Amino acid sequence: MTELEKYLADFKEAVVNVYPISDKAFNLLAETVHIQQFKKNEVLLREGHVANDIFFVCKGALNSYFIDEKGAIWNKWIYLEGDFASTRFSAIIKTPNEFTLQAIENTTVVCLPYHQTRKAINQNDELKNLYIAYLEKKWIVINEEREISLLTESATARYLKLLQAHPGIETRIPLQYIASHLSITPTQLSRIRKELTR
């Protein structure tokens, strides 16, 4: 299996995990995609631009962030292998995006051009069901789980849950990104890490 074939196989597995579609439906979707590679620190989507793509992370890591009026950087989300990264709000209503999406590592993605993908979805009922399931899982269930976690769990519990979901993330991703993702300060994260090693 070539590297390209492996990336497409990983993409197909992720898609089917969201919603089980037939090979015929997947091939219709696959016709719209292409593989892209980004070097560490390269920007995939800049703040103020309209989002036109959805990215599936094959290898590497992405970070979405915004900069407030005082120049402080706030990390919204970290995307690792197997994650779908996008700002659907910008793509759907064609408004400038409020976040920057950047590669934290050298990263390979499957790129789904939004409008071509929507055209394929509109032509196939299975892909319509996939799209609905994707929105429900990624943008309702996961976001609500995160909101509840922020309100009810300690920072230590949130950090341990992140480590369980993504083993080794603390050695790959700068700790200030992880801290912001957990809605804590780098100092708080350092304190938590020290307590866990005692």
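Placed above this text is the structure.
Residues numbered from 1 in each chain as written. Predicted model: local features only at pLDDT ≥ 70, side-chain atom pairs only at ≥ 80, totals over all residues. Heavy atoms only, no water.

Student: Hey, could you run me through the pattern of salt bridges in this one?
Tutor: Side-chain pairs of opposite charge can arise whenever the charged atoms involved come near each other. Within this structure, the stated rule accounts for 7 salt bridges. Of the charged contacts, one joins Asp 10 and Lys 6 as a salt bridge, the two residues approaching to 2.8 Å between their closest N and O atoms. Of this pair, Asp 10 and Lys 6 are both found in helix α1 (residues 3–18), 4 residues apart, which corresponds to roughly one turn of the helix. When its relative accessible area of 23% is taken as the criterion, Asp 10 is described as partly exposed. Given the relative accessible area of 42%, Lys 6 is considered partly exposed. When the shortest N-O distance is used, the salt bridge between Lys 161 and Glu 153 registers 2.8 Å. The exposure class of Lys 161 is partly exposed, given its relative accessible area of 42%. A single salt-bridge network, built from bridges that share partners, covers Glu 81, Glu 105 and Arg 172. (Salt bridge = Lys/Arg side-chain N within 4 Å of Asp/Glu carboxyl O. Helix = DSSP H or I, 4+ residues; strand = E, 2+ residues; numbered from the N terminus. Buried < 20%, exposed > 50% of the residue type's maximum accessible area, 1.4 Å probe, protein only.)

Student: What is the right way to look at the packing of α1 against helix α2 (residues 23–30) in this model?
Tutor: For any two helices packed against each other, one specifies the inter-axial angle together with the distance between the axes. Packing of α1 against α2 leaves a shortest axis separation of 11 Å and a crossing angle of 120 degrees. Taken together, the axis directions place α1 and α2 in an arrangement best described as oblique. Two packed elements cross with a definite hand, and for α1 against α2 that hand is right-handed. Along the contact surface, α1 presents Leu 8, Phe 11, Lys 12 and Val 15, while α2 presents Asp 23, Phe 26 and Leu 29. In terms of residue class, the contact of α1 with α2 is made up of 5 nonpolar, no polar and 2 charged. (Axes fitted to C-alpha atoms, helices over the stretch in contact; angles between N-to-C directions. Parallel < 35°, antiparallel > 145°, perpendicular 65-115°, else oblique. Left-handed = near helix turned anticlockwise from the far one by under 90°. Contact = heavy atoms within 4.5 Å. Nonpolar A, V, L, I, M, F, W, Y, C, P; charged D, E, K, R; others polar.)

Student: I would appreciate a short explanation of the nonpolar core in the present structure.
Tutor: As a rule of thumb, soluble globular proteins bury nonpolar side chains together. Of all hydrophobic cores here, the largest spans 24 residues; its most connected members are Phe 11, Val 15, Phe 84 and Leu 127. Within the residue set of this core, elements represented by two or more residues are α1, α2, β3 (53–59), β8 (107–113), α4 (114–122) and α5 (125–152). When neighbours within four sequence positions are excluded, Phe 11 is seen to be in contact with Phe 26, Leu 29, Val 33, Phe 56, Phe 84, Val 110 and Leu 112. Counting 16 residues, the second-largest nonpolar core is a separate cluster that includes Ile 104, Tyr 177, Ala 179 and Leu 189. (Core = buried A, V, L, I, M, F, W, Y, C linked by side-chain atoms within 4.5 Å.)

Student: How do you make sense of the pairing of strand β7 (residues 100–103) when you look at a structure like this?
Tutor: Going residue by residue along β7, you find Thr 100 and Gln 102 tucked away on one face and Leu 101 and Ala 103 tucked away on the opposite face as well. Note that strand β2 (residues 43–45) and β7 share 2 bridges and pair antiparallel. Paired with Val 43 across the bridge in β7 is Gln 102. With 4 bridges joining them, strand β4 (residues 62–67) and β7 adopt antiparallel strand pairing. If you follow Leu 62 over to β7, its bridge partner there is Ala 103. (Pairing = 2+ DSSP bridges.)

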